[in-house]
Protein chains: 2
Amino acid sequence: MTTTTRPLRKDAARNRERLLASARELFAERGLGVTLNDIAHHAGVGVGTAYRRFANKEEVIDALFEEGLEAIAAVAAESLAEPDAWVGVVSFLERSLEMQFGDQGLNQIMNDNALGDERIADARDRIAPLIEQLVERARVEGAVRADLDQSDLIFIQVGLSAIMQSSREIRPELYRRYLALFLDGIRSDRSDLTPLPTPALSPFDTHRAMTRDRPPGS
Amino acid sequence: MTTTTRPLRKDAARNRERLLASARELFAERGLGVTLNDIAHHAGVGVGTAYRRFANKEEVIDALFEEGLEAIAAVAAESLAEPDAWVGVVSFLERSLEMQFGDQGLNQIMNDNALGDERIADARDRIAPLIEQLVERARVEGAVRADLDQSDLIFIQVGLSAIMQSSREIRPELYRRYLALFLDGIRSDRSDLTPLPTPALSPFDTHRAMTRDRPPGS
DNA sequence: CTTAAGTGGATAGTGTCAATCCGCTTAACT
DNA sequence: AGTTAAGCGGATTGACACTATCCACTTAAG
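Residues numbered from 1 in each chain as written. Chains lettered and ligands numbered in written order. Predicted model: local features only at pLDDT ≥ 70, side-chain atom pairs only at ≥ 80, totals over all residues. Heavy atoms only, no water.

Asker: Sorry, what's going on with the overall build of chain A here?
Answerer: Each helix and strand counted, chain A has 10 helices and 0 strands in total. Its helices and strands taken in sequence order, chain A reads α-α-α-α-α-α-α-α-α-α from the N to the C terminus. Residue burial in chain A is summarised as follows: out of 218 residues, 52% are buried. Sequence-distant contacts in chain A: of pairs separated by 6 or more residues, those separated by 24 or more amount to 73%. Surface exposure of chain A reaches about 9,900 Å², of which carbon and sulfur atoms provide 52%. (Helix = DSSP H or I, 4+ residues; strand = E, 2+ residues; numbered from the N terminus. Buried < 20%, exposed > 50% of the residue type's maximum accessible area, 1.4 Å probe, protein only. Contact = heavy atoms within 4.5 Å. Areas by Shrake-Rupley, 256 points an atom, 1.4 Å probe, with all protein chains shown as cover.)

Below, the structure written as structure tokens:
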């Protein structure tokens, strides 16, 4: 398929890199809402140039966030390599949230909703099994409560991410406080656990919840 | 000040009521994003009529949500009347979240951000001291961990509210699962509590966090 | 030196909303 | 029954925020 198109001219290639760097930066600090116009100007090139390289914003997002999700997958894998199952779970949550904290765009891709794109959805799906193992192992070892599900780690991230957004400018690390509370709710070493009122979501439903289009309001 | 303006004509009064009912309904089910146009049509009147009654959407929101916040304040007061401090905390969270679940508009006012309006901000401030008492009492009684702060209940709601939004259409009650996890993280009756990594926000900062304008992105 | 590739940015196009205006209708009062 | 101020509807205007194109100009590559 890839009919070896002749390589880009030197300046064009440079601009392409500048655009990607600029997009990476702006997505990270302002989220996916930035326009291609913003990206172009911040890169020091004209809008026309941006549109010559990328048909639309989606394409730029693709180009960047597969790598971001890959990084999260790597964190999951490393956490799985951790000898202690509990430490693995904690470190996955801590590191993954930290990454999302440093990159608003990644955060949105992880938590917000349908970035309809295939490649991104695939990458996200590649993370799921790792989380499953992470949780399963901790459960078998008795490090976490027996009724903890893999999807719980996802939704805990959704919740903490919202807290993170609301306190971001006032006390950036505040979300860690609530992560600690959550972790204390997940540990198995307590006198008696409250039975959970509703079962976890199936992987399929979790996926649906994470890819649904945002509701109309606001 | 209230120069006894002559009462509205009968049809006008009726339409005003219809508009408020319509707004209540649409805000509840779609959030504050609905336009005055939507509200008018759903009420079966023209836009002009809507604008004759209310200068803008803010005014409609005011008219409705003071009562909503008052209801939450009432829930807080009732929870405070609860003889058991722990039951009080739990019932406040449960009932307040339930209300927000049933009313997206209220949810947004509670969690989202600066609905700049004075009256609403005041009402919200009236809730804060009640929560303070609720937490203080539970802490003194030893029902919750000693390092729990009043502001924690606020942020827990922020987090759960995000979870609620993401699973709303797929499993409406899912947020209750995470409420249970959180509660288990808050209870004092466990073998050893993880020290919290960062202190809670002061009331002032909490207020700032809750009224900050949304960041540009998305 | 030639020329295809690349560039910038003004501008046209699109969609979403808030808010107004004005010809028509109707309640209220005599 | 007639008069009239109040009320009504909704097409329309204007503001805004973006997306995407076009084309005269510039430049890398051979």
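Asker: How should I be thinking about the relation of the copies chain A and chain B in this particular structure?
Answerer: For the pair of chain copies, the relating operation is a rotation around an axis with a shift along it. The transformation that overlays chain A on chain B combines an axial shift of 0.0 Å with a rotation of 180 degrees, and the residual RMSD is 0.2 Å. On this basis, the relationship between the two copies can be described by a two-fold rotation axis. By residue overlap, the copies meet face to face through one surface: 100% of the interface positions of chain A are interface positions in chain B. (Least-squares fit on C-alpha atoms with pLDDT ≥ 70 in both.)

Asker: Where do I start with the protein's contact with DNA strand C in this structure?
Answerer: Every one of the 23 residues lining DNA strand C counts as a neighbour, but Arg9, Asn15, Gly48, Thr49 and Arg52 of chain A are closest to it. In DNA strand C, atoms within 4 Å of the protein come 65% from sugar and phosphate. Separating a base nitrogen of DNA strand C from a backbone N or O atom of glycine 48 of chain A is a distance of 3.2 Å. Among the elements of the structure, α1 (10-30) and α3 (47-53) of chain A together with α1 (10-30) and α2 (36-43) of chain B are those that each provide at least two residues to the surface near DNA strand C. Ranked by the residues each element gives to the surface near DNA strand C, the list is headed by α3 of chain A, at 5 residues. Class assignment of the residues belonging to the surface near DNA strand C gives a composition of 7 nonpolar, 8 polar and 8 charged. (Near = heavy atom within 4 Å. Polar contact = N/O pair within 3.5 Å; in protein donor to acceptor, adjacent residues only side chain to side chain. Nonpolar A, V, L, I, M, F, W, Y, C, P; charged D, E, K, R; others polar.)

Asker: Please clarify how the packing of helix α7 (residues 118-140) of chain A against helix α8 (residues 150-167) of chain A should be interpreted in this entry.
Answerer: Any two packed helices are characterised by how steeply their axes cross, that is the angle between the axes, and by the distance between the axes. Residues and elements named next belong to chain A. Orientation of α7 relative to α8, taken along the N-to-C sense of each, is 110 degrees, at an axis distance of 7 Å. Relative to α8, the element α7 is oriented roughly perpendicular. The two elements α7 and α8 cross, and the hand of that crossing is right-handed. Of the residues in α8, those touching α7 at Ala128, Ile131, Glu132 and Val135 are Gln150, Leu153 and Ile154. Across the contact of α7 with α8, the residue classes tally to 5 nonpolar, 1 polar and 1 charged. (Axes fitted to C-alpha atoms, helices over the stretch in contact; angles between N-to-C directions. Parallel < 35°, antiparallel > 145°, perpendicular 65-115°, else oblique. Left-handed = near helix turned anticlockwise from the far one by under 90°.)

Asker: Would you explain the interface of chain A and chain B in this entry?
Answerer: Much of the literature gives interface size as the accessible area that the parts lose upon coming together. With 54 residues of chain A at the contact, the number on the chain B side is 54 residues. Between chain A and chain B the total buried area reaches about 4,900 Å² when both faces are included, carbon and sulfur atoms providing 57% of it. Where chain A touches chain B, the interface holds 4 salt bridges. Note that aspartate 152 of chain A and arginine 177 of chain B form a salt bridge whose closest N and O atoms lie 2.7 Å from each other. At the junction of chain A and chain B, the tally comes to 18 residue pairs in polar contact (both at pLDDT 80 or more). The dominant element in the side of chain A that touches chain B, judged by the number of residues it contributes, is α8 of chain A, at 11 residues. When grouped by side-chain class, the residues that make up the side of chain A that touches chain B number 22 nonpolar, 13 polar and 19 charged. (Buried area = accessible area lost by both parts, 1.4 Å probe. Salt bridge = Lys/Arg side-chain N within 4 Å of Asp/Glu carboxyl O.)

Asker: Just to check I follow, could you spell out the pattern of salt bridges for this structure?
Answerer: Pairs may arise between side chains of opposite charge once their charged atoms sit close together. As enumerated under the stated definition, the model contains 22 salt bridges over all chains in all. Close ionic contact of glutamate 67 of chain A with arginine 24 of chain A constitutes a salt bridge, the shortest N to O distance being 3.0 Å. Residue glutamate 67 of chain A is found in helix α4 (residues 57-81), and its partner arginine 24 of chain A is found in helix α1; the two are separated by 43 residues along the sequence. Take arginine 24 of chain A: its relative accessible area is 35%, and that puts it in the partly exposed class. Between arginine 9 of chain B and aspartate 11 of chain B there is a salt bridge, with the nearest N and O atoms lying 3.0 Å from each other. In this structure, a network of salt bridges that share partners links the residues Arg145 and Asp147 of chain A together with Asp184 and Arg187 of chain B.

Asker: Would you mind going over the packing of aromatic side chains with me for this structure?
Answerer: The description of two aromatic rings rests on the distance between their centres and on the angle between their planes. Tallied over the entire structure, the rule returns 7 aromatic pairs over all chains. Centre to centre, the rings of phenylalanine 155 of chain A and tyrosine 178 of chain B are 5.8 Å apart; their planes meet at 40 degrees, and the pair counts as tilted. Here phenylalanine 155 of chain A, found in helix α8, pairs with tyrosine 178 of chain B, found in helix α9 (residues 174-186), and the two come from separate chains. You'll find phenylalanine 155 of chain A and tyrosine 178 of chain B in the same group, each marked buried. A cation over a ring is seen here: arginine 168 of chain A above phenylalanine 101 of chain A, with NZ or CZ 4.6 Å from the ring centre. (Phe/Tyr/Trp six-rings, centres within 6.5 Å; stacked < 30°, edge-to-face > 60°. Lys NZ or Arg CZ within 6 Å of the ring centre and 35° of its normal.)

Asker: What's the story with the protein's contact with DNA strand D in this structure? I'm lost.
Answerer: With respect to spatial proximity, 21 residues lie near DNA strand D, and among them Asn37 of chain A together with Arg9, Asn15, Gly48 and Thr49 of chain B are the closest. Among the atoms of DNA strand D lying within 4 Å of the protein, the sugar-phosphate backbone contributes 68%. Within the contact set of DNA strand D, a phosphate oxygen lies 3.3 Å away from a backbone nitrogen or oxygen of lysine 10 of chain A. Note that a phosphate oxygen of DNA strand D is positioned 2.4 Å from one of the side-chain N or O atoms of threonine 49 of chain B. Mapped by element, the contributors of at least two residues to the surface near DNA strand D are α1 and α2 (36-43) of chain A together with α1 and α3 (47-53) of chain B.

Asker: For this particular structure, what's the right way to read the packing of helix α5 (residues 85-102) of chain B against α9 of chain B?
Answerer: Residues and elements named next belong to chain B. In contact at an axis separation of 12 Å, α5 and α9 are set at 155 degrees when each is read in the N-to-C sense. With respect to each other, α5 and α9 are oriented roughly antiparallel. With respect to the hand of their crossing, α5 and α9 are arranged in right-handed fashion. Of the residues in α9, those in contact with Trp86, Val90, Leu93, Glu94, Leu97, Glu98 and Phe101 of α5 are Tyr175, Arg176, Leu179, Leu183 and Ile186.

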